[in-house]
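# Notes for the structure review
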Amino acid sequence: MTGAPATVQLPLLPLKNVVLFPHMIVPLYVGRARSMAALEAAMAQGKQVFLCTQRRADCEDPREPDLYRVGVMGDVVQMLKLPDNTIKVLIEGSSRAVIERFLETEPHLRVEVALLDEDIQPSSELEALMRGVVDLFDRYVELDKKVPPEVNLTARGVEDAGRLADIVAANLSIGVTDKQDVLETFQMNERLEKLSSVLQREIEILDMDRSIRQRVRQQIDRRQKEFYLKEQMRVIQEELGGEEAHLSELDELREKVRGLELAAAIEDRLLKDVDRLERMPPGSPEVSVLHNYLDLVVSLPWQTSSEDVTDLRAAEKVLDEDHHGLRKIKERILEFLAVRQLTKSPKGPILCFIGPPGVGKTSLGRSIARALGRQFVRASLGGVSDEAEIRGHRRTYVGSMPGRIIKGLREAGTRNPVFLLDEIDKMSSDFRGDPASAMLEVLDPEQNRHFSDHYLEIPFDLSEVLFITTANVYYSIPRPLLDRMEVINLPGYTTEEKMVIAREFLVPKQLNDHGLTDKHIDFTRGSLSTIISRYTSEAGVRNLERSIAGVCRKVAREVVGGKTRRVSITPNRLDDLLGPPRYKPDEGHKEPLIGVANGLAWTEVGGVLLTIEVITMPGKGNLNLTGQMGEVMQESARAALSYARSNAEALGIAVDFREKLDLHIHIPKGAIPKDGPSAGISMALAIISALCQRPIRADVALTGEITLRGRVLPIGGLKEKVLAAHRIGIQNIVLPEDNQPDLVDIPADIRKRLTFKFVKTMDEVIAVALLPKSDTIMLPELTEPVAVEEAAAANADDQLRPEPPQPSL
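The notes below deal with the structure included here. (Residues numbered from 1 in each chain as written. Predicted model: local features only at pLDDT ≥ 70, side-chain atom pairs only at ≥ 80, totals over all residues. Heavy atoms only, no water.)

We now examine helix α8 (residues 264-279). Between its terminal C-alpha atoms α8 stretches 23 Å, which fits the 22 Å expected from 16 residues at 1.5 Å a residue. Along α8, the positions that sit buried rather than exposed are Glu267, Leu270, Leu271, Asp273, Val274 and Leu277. Buried residues of α8, seen end-on, are gathered within an arc of 150° and therefore sit on one face of the element. With respect to the buried face of α8, the exposed residues turned more than 90 degrees away are Ala264, Ala265, Lys272 and Arg279. (Helix = DSSP H or I, 4+ residues; strand = E, 2+ residues; numbered from the N terminus. Expected span 1.5 Å × (residues − 1). Buried < 20%, exposed > 50% of the residue type's maximum accessible area, 1.4 Å probe, protein only. Arc of directions from axis to C-beta.)

Structure (structure tokens):
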């Protein structure tokens with residue numbers, strides 16, 4: 001550069017992702033308002049404009065800090081306005097310039113720039129640098145097919161070092177920063193050195209890209225060659241003996257076997273099986289058997305595990321989203337996660353959910369898998385009577401296959417899924433073996449680390465699997481199997497819990513399933529309460545969901561028919577939507593009666609009230625028992641009678657009543673079988689009431705087993721029995737003293753509304769429930785006979801209703 005630089009005031013046109021060099025002609029598309037204003041100003045003032053590049057291409061309104069200081073003065077060669085209100089302009093760069101200061105920002109950027117004249121001193125060093133740049137550019141054009149060959153010829157004919165550098169830099173596929181760096185280098189030798197360095201780097205990258213492409217092409221050619229040769233071999237083998245070549249598939253099997261990371265002895269055995277398969281003729285029946293076996297082995301998750309969720313709050317949120325209540329089970333799962341984090345132990349618990357149908361045992365298993373972040377597998381064991389269903393068949397049998405455990409693990413794809421074994425209490429045994437005994441190894445934490453399937457014949461580690469079993473009752477599960485599981489009881493839902501489940505879970509689910517919204521239908525609390533009490537009789541919510549679905553179907557039909565008004569479901573409309581109520585709620589008697597006691601029973605669908613009736617009649621001491629009582633209940637009745645006879649004088653009963661009277665004990669609803677010892681104190685109280693003619697309080701319900709000496713023993717199913725009394729409206733409940741700790745299972749809000757009397761002996765029961773002798777004797781009301789038409793209708797309806805569950809007292 002020579003002399004003081006001259007300054008010129010020009011409009012500024014900022015560029016995006018483009019660096020313009022002197023002597024270059026480039027087409028530009030201009031769409032920003034200030035840029036178009038700058039072009040119009042340039043056309044009015046000699047067609048000259050200053051162009052510089054933006055530092056960031058995403059800046060739509062560039063200011064002084066957003067622009068590089070060094071740019072190029074350019075002449076507008078041609079300008080054309082396009083239909084989309086943008087401008088296409090052709091500009092030729094003339095010389096480098098640097099911004100001295102910004103003059104205006106509106107209506108366009110206007111700057112004062114200083115022209116930079118290049119002073120080139122010829123030298124041998126400059127000549128060498130120019131030749132080096134030309135040679136490197138030749139190599140670059142040869143490698144990069146995007147640069148036209150004419151540019152290379154043009155560069156060779158240029159003798160001016162500055163122009164040569166600008167031509168080469170403008171045609172390189174490099175970034176804006178590198179081009180701007182070349183533009184801002186004013187010393188010629190330094191500019192050519194920098195350009196040589198950039199060219200060398202780009203040539204190395206292009207050489208590497210070409211090498212990669214050649215290797216890929218060679219691999220493709222080799223594979224095509226292998227395919228061609230294998231096809232030739234297959235055709236030759238078919239011509240010779242009809243054999244099919246399957247070497248590639250067998251090689252793939254070998255690689256998969258080696259990748260399983262099994263014990264060396266097992267891996268060698270499997271590789272020998274692959275070799276044996278390779279030597280077998282294709283028509284041999286053993287080919288498919290051995291091939292299926294090897295496919296199973298390589299598809300099992302020997303080393304693949306899923307990561308458990310470590311956030312306890314997130315897991316608890318998932319469990320609460322899917323199920324209401326069930327605190328014990330949720331706490332147990334969160335405890336497992338907490339222990340897993342502290343110990344890093346892969347050992348999984350074995351849980352057994354026991355409860356009536358419809359309480360959510362199966363869906364809870366799926367929810368637990370989601371909360372833990374594990375895969376979920378379900379296997380139904382209901383009706384399974386073959387041991388091979390669990391352990392698999394030996395491969396010597398035709399049609400042999402692995403057992404359900406191994407099948408489930410292959411389906412899950414991980415070695416630590418949540419594995420639900422549904423209906424474990426409904427397995428049976430026959431001449432083919434006992435599947436319950438086979439489950440002993442599966443569900444034993446000390447044995448399942450080396451579980452052996454007859455088909456697989458390789459020990460598989462089940463210790464990381466979280467096994468969950470479900471059952472309806474205890475007594476049908478073999479004791480050794482039950483001992484291996486951690487039992488969690490699901491006693492069934494209270495009416496209040498069913499209401500919450502219906503409003504928060506079932507109604508939204510059914511509305512979504514039937515294409516309805518809150519704008520179409522509204523279930524009132526009264527309607528849901530009526531459906532729960534009059535249309536369902538269950539511990540779970542399965543029939544409740546069906547009833548809600550039935551209402552939704554009726555409303556969906558009305559919506560499709562053109563009805564636009566919102567349908568409010570009230571108790572009065574349920575008769576039209578669901579038909580007449582199927583169940584009548586239990587109602588105890590309202591007034592004290594002689595010989596009538598309120599007993600409490602447990603069934604698979606929850607607790608129920610049993611009215612125990614005793615009457616005396618002239619006779620010779622016979623005891624009649626009706627109401628389909630089981631053997632245990634009959635023994636309880638005889639024990640209660642023996643207690644009354646042995647304490648007749650103290651109870652105010654004639655000592656010789658046995659010689660003059662017969663006793664008849666009856667429990668209504670005779671079509672339902674009843675059994676259990678916990679009706680003992682209820683029957684004893686009813687017998688004493690009938691013999692001494694003292695009424696029994698109607699607002700008291702009783703449950704407890706009696707001994708010959710009058711002691712009251714504890715019973716089971718306390719929660720269901722107490723909830724049944726609460727549902728009927730009985731506020732006073734007599735319980736064995738040993739059952740006092742079980743009150744914690746009863747919801748606190750219900751516990752506060754009831755009065756509990758804990759007793760040790762029959763004397764305390766009599767003191768609480770038996771009223772003094774009255775002149776007015778109230779006997780049990782006789783039940784009116786059912787009309788013939790009603791009986792016929794009831795018999796017809798019985799074909800549609802499920803058989804009522806057997807109460808256990």
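Next comes the rest of the write-up.
The next subject is the sheet that holds strand β7 (residues 350-354). Read across the open sheet, the five strands follow the order β8-β9-β10-β7-β11; overall the sheet is parallel. Taken across any chain shown, the strands that pair with only one partner, and hence form the sheet edges, are β8 (376-380) and β11 (486-489). Taking each pair of neighbouring strands and ignoring which way they run, the sheet shows an average axis angle of 20°. In this structure, β8 lies alongside strand β9 (residues 418-422), joined through five bridges in parallel fashion. In the sheet register, phenylalanine 376 faces β9, and the bridge partner there is valine 418. In this fold helix α12 (residues 361-372) packs onto β7, β8, β9 and β10 (466-471), with an angle of close to 165° to the strand it touches most, β10. On the sheet, helix α14 (residues 404-412) packs against β8 and β9 and is oriented at approximately 140° with respect to β9. (Pairing = 2+ DSSP bridges. Axes fitted to C-alpha atoms, helices over the stretch in contact; angles between N-to-C directions. Contact = heavy atoms within 4.5 Å.)

Moving on: the packing of aromatic side chains. The full count for this structure, using the stated rule, is four aromatic pairs. Taken together, a centroid distance of 4.9 Å and an interplanar angle of 50° make the contact between tryptophan 302 and phenylalanine 460 tilted. Placement of tryptophan 302 in the loop between α9 (286-299) and α10 (312-322) and of phenylalanine 460 in the loop between α15 (435-442) and β10 is noted, with a sequence separation of 158 residues between them. Accessibility expressed as a relative area gives 8% for tryptophan 302, which makes it buried. Judged by its relative accessible area of 2%, phenylalanine 460 is buried. (Phe/Tyr/Trp six-rings, centres within 6.5 Å; stacked < 30°, edge-to-face > 60°.)

Viewed as axis vectors pointing N to C, α10 and α12 meet at an angle of 155°, and their least axial separation amounts to 8 Å. Classified by the angle their axes make, α10 and α12 are roughly antiparallel. As for how α10 packs across α12, the hand of that crossing is right-handed. Touching Ala315, Val318, Leu319, Glu321 and Asp322 of α10 are Ser367, Ile368, Arg370 and Ala371, all from α12. A breakdown of the residues in the contact of α10 with α12 according to their chemical character gives five nonpolar, one polar and three charged. (Parallel < 35°, antiparallel > 145°, perpendicular 65-115°, else oblique. Left-handed = near helix turned anticlockwise from the far one by under 90°. Nonpolar A, V, L, I, M, F, W, Y, C, P; charged D, E, K, R; others polar.)

This part takes up empty space enclosed by the protein. Evaluated as defined, the whole model comprises two cavities of 30 Å³ or more. Surrounding the second largest cavity, His520, Glu558, Val559, Lys563, Thr564, Arg565 and Val567 form its lining. Partitioned by chemical class, the residues of the lining of the second largest cavity number two nonpolar, two polar and three charged. (1 Å grid on protein atoms, 1.4 Å probe; cavity = no way out; pocket = protein on both sides within 12 Å on 5 of 7 lines; lining within 4 Å. Points joined across faces, edges and corners; volume = space filled by probe spheres on them.)

Next up on the list: unusual backbone geometry. Glutamate 106 connects to proline 107 through a cis peptide bond whose omega is 0°. For proline 107, the location among the structural elements is in the loop between β5 (87-104) and β6 (110-115). Phi is positive for histidine 23, which is not a glycine, with a value near 70°. Here histidine 23 shows up in the loop between β1 (7-15) and β2 (25-30). Residue classification places histidine 23 among the partly exposed positions, given a relative accessible area of 37%. Of note, glutamine 693 is a non-glycine position whose phi angle comes to about 55°, a positive value. Mapped onto the elements, glutamine 693 comes out in the loop between α24 (680-692) and β19 (695-696).

A few words now on the state of the cysteines. Going through the model one piece at a time under the given rule, you end up with zero disulfides. Here cysteine 59 stays unpaired: no disulfide links it, and the sulfur of cysteine 52, its closest cysteine neighbor, is 12 Å away. (Disulfide = S-S within 2.5 Å.)

For the rest of this paragraph, the subject is the environment of tyrosine 493. Its place among the elements puts tyrosine 493 in the loop between β11 and α17 (495-513). The contacts of tyrosine 493, once residues within four sequence positions are left out, are His324, Leu326, Gly358, Val359, Lys498, Ile501, Ala539, Gly540 and Val541.

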